[in-house]
Amino acid sequence: MTSTTRHTDQAAARRKLRREVPSTAAVLADERDFAAMRRYRTFPFDDHRSYLQQMETLLRTLAAQGVLTTLSLFDPVAYEQYCADLALDPDRPDSRTRYTAELACTGATLPYKGEPLAQLLPRLIEEADRQATWDQASALLARAGSCQDCGADLGHAAFARATAAVRQLLEALGDGTHHLVCSIPAGDPPLLAVLHTTTGETDRPQLSESETLIFCTVLAAGLALCTPGGIVARTTADDTGERSTVRGWSLRDAWPCPLTEAEVFTAYCTDAETGEPIAPEHGVDYAPGLPLTPPPDEHRHR
């Protein structure tokens with residue numbers, strides 16, 4: 001074997017090996033984050049549009065080579081704190097690389113499959129929002145403390161109650177396509193979780209595991225902290241999707257309690273910022289929340 005042949009074989013082997021080494025990339029999704037990074041001398045871009053175009057070209061090149069790339073959002077504020085915690089110089093490319101690698105392990109990520117960034121970024125931002133909501137709700141549950149009588153973890157107890165509440169709620173709503181929103185005024189911004197499900201006459205509810213986990217965790221945080229949060233459910237039961245029914249529940253005594261039809265109507269037909277009435281939504285019926293039976297509360301919450 002000649003040296004040229006050996007060199008060619010080695011190069012081919014390296015290319016094959018490269019396909020088995022995944023890559024990570026963190027993107028600055030909006031103009032504000034991009035502008036924040038421009039203060040660093042070593043940051044090589046000065047135009048956000050051009051930056052996104054070059055990022056997409058890089059991602060497509062890696063995909064064409066068979067390299068799996070995981071994409072995350074680059075947060076300049078979190079990056080600055082990360083560098084401060086580890087005594088890193090933020091104005092160094094290797095610091096940005098280290099932060100990006102950390103995001104691939106701990107942050108919200110999506111695999112790049114060749115789609116345009118314009119399509120992928122909204123999904124990535126949504127995933128990051130879900131991750132932040134879950135982190136915030138989990139932190140609140142962790143601080144819920146223990147039962148003064150038996151020492152049980154109130155966060156775990158609240159999660160069990162939340163799971164039971166969601167199961168009962170879906171059974172009570174019955175057949176149809178359901179869009180549920182749980183809002184808890186704990187922190188800034190408030191906690192907000194969304195759950196979508198479709199149930200037929202013979203089918204079990206079709207649920208996203210990640211959506212269900214986040215929804216139950218947010219609800220559990222509200223139950224554990226006894227906050228004045230609530231749940232709204234919009235149900236479309238017919239095939240046309242032209243009419244839907246809205247119901248609501250408020251959190252009282254560590255359990256979702258049904259609102260009256262008038263309370264649901266008022267909540268939906270009042271501007272949250274000004275308090276002024278707004279017109280009812282076309283094709284929407286406002287109905288009272290359905291009663292849910294609370295399980296025994298062995299660990300009284302605060």
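Here the structure is a predicted model, which means the values were calculated and not measured.

## Some remarks on the overall build of the protein
Reasoning step 1: Helix and strand content of the protein: 9 helices and 10 strands.
Reasoning step 2: Taking all 302 residues of the protein together, the buried fraction comes to 37%.
Reasoning step 3: Of the contacts formed within the protein by residues at least 6 apart in sequence, a portion of 62% connects residues at least 24 apart.

## Focus: the packing of aromatic side chains
Reasoning step 1: Scanning the entire structure with this criterion turns up 12 aromatic pairs.
Reasoning step 2: For the pair Tyr40 and Tyr79, a centre-to-centre distance of 6.1 Å together with 85 degrees between the ring planes defines the contact as edge-to-face. Of the two residues, Tyr40 is situated in the loop between α2 (31-37) and α3 (48-64) and Tyr79 in helix α4 (residues 76-86); the sequence distance between them amounts to 39 residues.
Reasoning step 3: What makes Tyr79 buried here is its relative accessible area of 0%.

## Observations regarding the confidence of the model for the protein
Low-pLDDT stretches of the model should not have their predicted coordinates read in fine detail.
Reasoning step 1: Taken over all residues, the pLDDT of the protein has a mean of 86, while the share at 70 or more is 87%.
Reasoning step 2: Within the protein, α2 carries the highest mean pLDDT (96), whereas helix α1 (residues 3-19) carries the lowest (53).

## Observations regarding the nonpolar core
Soluble globular proteins tend to pack their nonpolar side chains together in the buried interior.
Reasoning step 1: Within the largest apolar cluster, 35 residues are counted, with the highest numbers of intra-cluster contacts made by Leu180, Leu191, Phe215, Val218 and Leu219.
Reasoning step 2: Of all the elements in the fold, those that place two or more residues in this core are α6 (117-142), α7 (154-173), β4 (176-184), β5 (191-199), α8 (209-225), β7 (230-236) and β8 (244-251).
Reasoning step 3: Top element by residues in this core is α8. It accounts for 9 residues.
Reasoning step 4: Those residues in contact with Phe215, other than ones at most four positions away along the chain, are Val166, Leu180, Val181, Cys182, Ala193, Val194, Leu195 and Ile231.
Reasoning step 5: One finds Ala25, Ala26, Tyr51 and Met55 within the second-largest nonpolar core, a separate group that totals 26 residues.

## Comments concerning α8
Reasoning step 1: Taking 1.5 Å of rise per residue, the 17 residues of α8 would be expected to cover 24 Å, and the 24 Å separating its terminal C-alpha atoms lies within 8% of that figure.
Reasoning step 2: When you tally the buried positions in α8, you get 13 out of 17 residues, the bulk of the element.
Reasoning step 3: Remark: Cys226 follows α8 within two positions and exhibits a positive phi of approximately 55 degrees.

## Some thoughts on unusual backbone geometry
Reasoning step 1: In this structure, Ala87 is a non-glycine residue whose phi angle is positive, near 55 degrees.
Reasoning step 2: Along the chain, the position of Ala87 falls in the loop between α4 and α5 (93-106).
Reasoning step 3: The residue Ala254 is not glycine, and still its phi comes out positive at about 60 degrees.
Reasoning step 4: Residue position: Ala254 is located in the loop between β8 and β9 (256-258).

Basis of the calculations
Along each chain, the written sequence defines residue order, and numbers are assigned to residues from 1. Per-residue local features of the predicted model are confined to residues with pLDDT of at least 70, and side-chain atom pairs are confined, for both listing and counting, to 80 or more; whole-chain, interface and lining totals are unaffected and use all residues. Derived side-chain values reflect all non-hydrogen atoms in the structure, with water molecules and hydrogen atoms excluded from consideration. Secondary structure elements are taken from DSSP: a helix is a run of H or I of four residues or more, a strand is a run of E of two residues or more, and numbering for both begins at the N terminus. The classification of residues rests on relative accessible area computed with a 1.4 Å probe and restricted to protein chains. Under 20% of the type maximum is buried, over 50% is exposed, and intermediate values are partly exposed. What makes two residues a contact is simply this: any of their non-hydrogen atoms within 4.5 Å. For Phe, Tyr and Trp, where Trp contributes only its six-membered ring, two rings pair if their centres lie within 6.5 Å, and the inter-plane angle classes them as stacked under 30 degrees, edge-to-face over 60, or tilted in between. Note: pLDDT gives the predictor's confidence per residue, expressed from 0 to 100. Residue types Ala, Val, Leu, Ile, Met, Phe, Trp, Tyr and Cys, when buried and joined through side-chain atoms within 4.5 Å, form a set referred to as a nonpolar core. For a helix, the expected span equals 1.5 Å multiplied by the number of residues minus one.

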